[in-house]
Structures are given as C-alpha cells and as structure tokens.
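What follows is the residue order along each chain.
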Amino acid sequence: MSLLEVNNLGIAFRQDGQTVACVHGISFTVDRGETVALVGESGSGKSVTALSTVSLLGANAEVQGSVKYDGQEMVGADERLLRKVRGNDISFIFQEPMTSLNPLHTLEKQIRESLELHQGLTGDAARERIIELLTKVGIRDPESRLTALPHQLSGGQRQRVMIAMALANKPDILIADEPTTALDVTIEAQILELLAELKRRENMGLLFITHDLGVVERIADKVCVMKDGMIVETGPTKEIFANPQHPYTQKLLAAAPSGAPEPVPQKAKTLIETQNLKVWFPIQRGFLKRTVGHVKAVNDATITVRAGETLGIVGESGSGKTTLALAIMRLIGSEGGLRFDGEDVHGWSTRALRRRRADMQIVFQDPFGSLSPRMTCEQIIAEGLGVHGDRGDGRPRRDLVAEVMREVELDPAMMHRYPHEFSGGQRQRIAIARAMILRPKMVVLDEPTSALDMTVQVQIVDLLRALQKKYGLAYLFISHDLKVVRAMSHKMIVMKQGDIVEAGTAQDVFERPRTEYTRTLLSAALDTGR
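Everything numeric in this text was worked out from a predicted model, so none of it was measured.

**Regarding the overall build of the chain**
So, point 1. Counting its secondary structure elements, the chain contains 20 helices and 20 strands.
So, point 2. Here the C-alpha radius of gyration of the chain, 24 Å, is about what a compact globule of 530 residues would show, namely 24 Å.
So, point 3. Taking the principal axes of its C-alpha atoms as reference, the chain extends roughly 70 × 55 × 45 Å.
So, point 4. By residue count, 53% of the 530 residues in the chain fall in the buried class.
So, point 5. A total of about 23500 Å² of accessible surface is found on the chain, and carbon and sulfur atoms cover 48% of it.

**Overview of the confidence of the model for the chain**
So, point 1. Across the chain, the average pLDDT comes to 88, with 96% of residues at or above 70.
So, point 2. Taken element by element, the chain is modelled with least confidence in helix H3 (residues 97-100), mean pLDDT 71, and with most confidence in strand E18 (residues 474-478), mean pLDDT 96.

**Describing helix H11 (residues 247-254)**
So, point 1. For H11, the set of buried residues is Tyr248, Thr249 and Leu252. Buried residues of H11 fall within an arc of 100° about the axis and therefore sit on the same side. Set apart from the buried face of H11 by more than 90 degrees, the exposed residues are Pro247 and Ala254.
So, point 2. Close packing links the buried residues of H11 with helix H9 (213-219), strand E9 (222-227), strand E10 (230-236), helix H10 (237-242) and helix H17 (454-471).

**Remarks on the pattern of salt bridges**
So, point 1. Taken as a whole, this structure holds 34 salt bridges when the rule is applied.
So, point 2. With its nearest N and O atoms 4.0 Å apart, the salt bridge here joins arginine 32 to aspartate 70. Linking arginine 32 in the loop between strand E2 (18-30) and strand E3 (35-39) with aspartate 70 in the loop between strand E4 (61-69) and strand E5 (72-73), this pair joins segments that are 38 residues apart in sequence.
So, point 3. With relative accessibility at 40%, the residue arginine 32 sits in the partly exposed group.
So, point 4. The residue lysine 441 makes a salt bridge to aspartate 341 at a minimum N-O spacing of 2.6 Å. You can see lysine 441 sitting in the loop between helix H16 (424-436) and strand E17 (442-446) and its partner aspartate 341 sitting in the loop between strand E14 (335-340) and strand E15 (343-344), a full 100 residues away along the chain.
So, point 5. Accessibility expressed as a relative area gives 30% for lysine 441, which makes it partly exposed.
So, point 6. One connected set of salt bridges, linked through shared partners, spans Lys269, Asp341, Glu343, Arg356, Asp359 and Lys441.

**Concerning the sheet that holds E10**
Two pairing modes exist for strands in a sheet, parallel and antiparallel, and in both the strands are linked by backbone hydrogen bonds.
So, point 1. Taken together, the 6 strands give an open sheet; going across it, the order is E6-E7-E8-E3-E9-E10, and neighbouring strands pair in mixed fashion. Each edge of the open sheet carries a strand with a single partner, namely strand E6 (90-93) and E10. Direction aside, the axes of adjacent strands within the sheet are offset by 15° on average.
So, point 2. Bridge analysis of E3 against strand E8 (residues 205-210) gives 5 bridges, and the strand direction is parallel. When the bridges of E8 are listed, valine 39 appears paired with threonine 210.
So, point 3. H11 contacts E9 and E10 of the sheet and is inclined by roughly 105° relative to E9.

**A short note on the environment of glutamate 79**
So, point 1. Structurally, the position occupied by glutamate 79 is in helix H2 (residues 79-85).
So, point 2. Taking the C-alpha atoms as reference points, glutamate 79 and valine 54, 25 residues apart in sequence, are found 10.0 Å from one another.

**Focus: the pairing of E6**
So, point 1. Side-chain alternation along E6 places Ile90 and Phe92 on one buried face and Ser91 and Ile93 on a second face that is also buried.
So, point 2. Sheet topology note: the E6/strand E7 (residues 173-177) ladder contains 4 bridges and is parallel. If you follow isoleucine 90 over to E7, its bridge partner there is isoleucine 173.

**Description of the packing of helix H4 (residues 107-119) against helix H5 (residues 123-136)**
How two helices pack is summed up by the angle between their axes together with the distance between the axes.
So, point 1. Orientation of H4 relative to H5, taken along the N-to-C sense of each, is 110°, at an axis distance of 10 Å. The orientation of H4 relative to H5 falls into the category roughly perpendicular. You can see that H4 and H5 cross each other, and the crossing is right-handed. Here Glu108, Ile111, Arg112 and Leu115 of H4 lie close against H5, whose contacting residues are Gly123, Ala126, Arg127, Arg129, Ile130, Leu133 and Leu134.
So, point 2. Classifying every residue of the contact of H4 with H5 by side-chain character gives 6 nonpolar, 1 polar and 4 charged.

**Quick look at the environment of alanine 358**
So, point 1. Position of alanine 358 relative to the elements: it lies in the loop between helix H13 (350-356) and strand E16 (360-363).
So, point 2. Given a relative accessible area of 0%, alanine 358 falls into the buried group.
So, point 3. Sequence spacing of alanine 358 and isoleucine 313 is 45 residues, and the spatial spacing of their C-alpha atoms is 22 Å.

**Some details on the domain arrangement of the chain**
So, point 1. Looking at the chain, the domain boundaries give domain 1 (1-32 + 44-89 + 206-254) and domain 2 (270-369 + 444-527).
So, point 2. With centres defined by C-alpha atoms, the gap from domain 1 to domain 2 works out at 38 Å.
So, point 3. For domain 1, the biggest contributors to the area lost against domain 2 are His211, Arg218 and Leu252; these three give 75% of the whole.
So, point 4. Our count for the contact surface shared by domain 1 and domain 2 stands at 0 salt bridges.

**Observations concerning the sheet that holds E15**
So, point 1. Spatially, E12-E11-E14-E15 is the arrangement adopted by the 4 strands of the open sheet, whose pairing is antiparallel. Both edges of this open sheet fall to strand E12 (290-306) and E15, since each of them pairs with a single strand only.
So, point 2. The pairing of strand E11 (residues 270-285) with E14 spans 5 bridges and is classified as antiparallel. When the bridges of E14 are listed, isoleucine 272 appears paired with phenylalanine 340.
So, point 3. Relative to E11, helix H12 (residues 321-328) is tilted by about 115°, and along the sheet it contacts E11, E12 and E14.

What counts as what
- Residues numbered from 1 in each chain as written.
- Predicted model: local features only at pLDDT ≥ 70, side-chain atom pairs only at ≥ 80, totals over all residues.
- Heavy atoms only, no water.
- Helix = DSSP H or I, 4+ residues; strand = E, 2+ residues; numbered from the N terminus.
- Rg over C-alpha atoms; globule rule 2.2 N^0.38 Å.
- Buried < 20%, exposed > 50% of the residue type's maximum accessible area, 1.4 Å probe, protein only.
- Areas by Shrake-Rupley, 256 points an atom, 1.4 Å probe, with all protein chains shown as cover.
- pLDDT = per-residue confidence, 0-100.
- Arc of directions from axis to C-beta.
- Contact = heavy atoms within 4.5 Å.
- Salt bridge = Lys/Arg side-chain N within 4 Å of Asp/Glu carboxyl O.
- Pairing = 2+ DSSP bridges.
- Axes fitted to C-alpha atoms, helices over the stretch in contact; angles between N-to-C directions.
- Parallel < 35°, antiparallel > 145°, perpendicular 65-115°, else oblique.
- Left-handed = near helix turned anticlockwise from the far one by under 90°.
- Nonpolar A, V, L, I, M, F, W, Y, C, P; charged D, E, K, R; others polar.
- Domains from an automatic or database assignment.
- Buried area = accessible area lost by both parts, 1.4 Å probe.

Here you go:
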C-alpha cells in the first residue's frame, strides 16, 4: 500500500453562481522513501492538488474522487482527523514565506508553536530543537535570530525558516510547493540535499511541486506532468527526461533562457558610477539606543554601468545585492561616491531627487505583492504619470497605457482587469509596463523571473532584451538564477557578505572565475540545473 494514494481526483470551485473545474480525474501515488514531482505551468492545477490532500481548499471547493493517507480517506474526513494529520503526518512548505509567516511573531515563537502542539516540547528542549532545525536549513548564527521578525530576514532566509517549521515534527509526507524559488543556488543545493537526506533517513514520502526542471531531474524518482488540470504524462524521471512523449513535456524541457544581450554601443555614456559606496546599518542597544556596532550590508562597492548595458549582480541571500541597488536609487542612505547620468546623487535636493525618480525605476520579484489588488491594470501602469507627469507627451494617458501594454505584449483590452485576473507572467509584464511608461534611463530588476514558469522566463528575458535595445536602458539585474543572468548580462559582479569579490564581463566570470566563492556558486548552479 502506498503512503499517499490519489485516485480519480477532481476539483472544481463555485464562483458567481457557476462551477469552474480546475482538476480533472487525476491519479498518482507517493510511496515511502519516494519523491514524486508535479510539474507544469502556473494554473495547471499543481498547488490545488496538493492542498486537497488534507482538505485545505476553501469552502467553495468541490472535491470528488479519493485521497488516502496511509489507508485513511482524507476527502470528507472529520476535522479531528484532519487536525491530527496536518502539520504532523503531512507537512507543507509553501512558496511565499512572507504570507505564510506571522509578521508579528518571532521566529522562535512560530516554530515553537508546532513543537508544543504536536510533540509537547517546551522550554529549553524546544529551544534546542529550534536551533537545531535552523542550523540544518542554513541559518547562520541561529541563536541570534530567534527573536527576529520575518521582515528582518531576506527572502531566502524566510524560506529556510518555513522549511525548518515543516520539518519540525518529522512528517511521513512532506509536500513542498516551490520550496526553493526564493533561494540562492548554494543554499538551494544544500536544501535539496537536506530534503533528500531526510527522505532517506526517515523513509519519508516527498511530493515536490515546481516549475524548475533542473531540480526535478536531480531529486525526483517519478514525474507527473500537468497541463490544464490533467496529468498528460507520467513515469520515472530518467525516462521522461530522456524520451518525453507528450508535446507539452517536450516544450517544457526545451524551455531555457539562452543567447546574449545586444552589444553595448562603443559611444554609450556612463549612466551609473559608484566609488567605494558603503551602506552600514547601526546596531543600537540599551535604553539610550547607543550604537554598539554596524551591520555592514555593502562595503566599498565600485561599479560603472553604461546606457544600454546590463550589470548582473549575484550572490547568496543577505550578500547585499538588493541593498546596493536601493542605495544607487537613493531609497536608502549610503556613503561614498555615487553619480547618476553625470550628476552627484548625494548632492541632489529633495526636489531634484523627486524630479529624477522617473529616470530610475524598479521591478520587484513578487508581481502579485507589488501590485495593488484594488487598482485596475490601467490605474497601476498610469500611476507614475500622476506623480511625474506625462514626460513631455501630450497624448491622453489611456493611449500611453495602451501603447506600453502592447510593448510588453499585453492586450490593451485587458486594462480594466485587476491583478488577480492575470497569470503570474502577465502580472510581471504589468510591473514592467509600470516602469517603462515613464521612459526611464535605468531599471533595477530584482529577481524578476524567479517566481515564473520556465516558458514564461524565456518570454520575459526576450522582452527585457528587446526593450533595452529599443530604448538604450541600463539594467541592474539581481538574480540567483545564473542561466538567466548569463542570458541578460554584459557585465557581472559577485557579492559575498557585502563585498564585491569578483567583477568582469559575464563571459569571463562564467568561463574563467577567479575566486573560490564564484566557483562554488557556479558549481551549485550546475548541480541544481540553474
């Protein structure tokens, strides 16, 4: 008997008096000590399938078929049984740690809650277990992190905390929904190795949901490929990758960012220039809040970026990548030389800074979190025009919105829709359009493809390169996905604990890395398929 048996599962949701089916009669099993991967693009039904295993879907869900855990039927099970199984026998790791963690509770309190509920651990015993878990998932100096709140951690660190919480009770089945999306390649390699080790040691079943086929090839024993709510192909991982039968599987396996950006014109002017840029955050203690030290987020960063050029910024979580970009945009304070378009940024008055903001735009990692759910697509894209004006163009704003939507390959007829009515890739295109409508000179791209399917990643990379060629944009491209970095970047810097440890052309860094740290990053990327 399999540990988890899903048989002829169908899921539909009641919406506005109608029933919308999203999963159609799928079947698969997960045995003890086996890793089964559910792969497919956003909207294919992977996550709702996983949530249905312990009845975590909303009240408007209609579930048919059978889901059995260790011989017990989960569909229609009473709440007492489900409470016993959830988080204890079947545990989850979710994709968005910031929405899964309580923003008002410390890390220690959130992990302790599960240990107290399912194992009865309290006091020092619980604290020791928490420190052990945080150490296993790669949190440095875990004792000092126990009192931290989620917003005080990087995205990768928050995901590691979620993984620690899921592993706390040694579950029989671990359901991991895009668990490594926010992690840098070295930590991703560690987490995947940890999950594989736990699976072997605890004889645990692992249901792994992802769009990253490199990860699937490395860890999965069996693959189920989902499209439009159906499993279109299933089988052993080696067979699926070596000889895919379904056209959709073939399309997924062929999707990977490739190529290189257009060469930078020789006469391109220097747009961004830093000299020994430093960002240190004070550590304050005591009643009088005396400064007793500093968190050295960025140390002596010296870079140049020309118009039409992309600088790729890579490094582990907490290495200072985003902090450097925010300092260049003067969204946080810094010391040292900083020039933008030939002007000393530190010398700008508040009025001058506000005037130049339109030239410096940013696209964030999570398109759903960075778009207001109460604004239409048109209002979101046009918001910057309300702040900065029409940038010298006298056309109606709706016309400008329609033009930029076409540039990012969105249908202007959809401008009245809200963010939740778009796919992840479409939401990222809206975020790009919001930045591009102001015709900026420089755009910070902070992990813009990490939450997207592989096929959508390719589309976004092609879009960004086309926009750069058309408008001569300078990009600061922050990512832990080195395949995407190589496809986007002219130059690269590698950061470690606030320091730039390597810099050069993208080709030189990838083919002739000079430091051991860079070689470790590249090796980890190769191991995880990134």
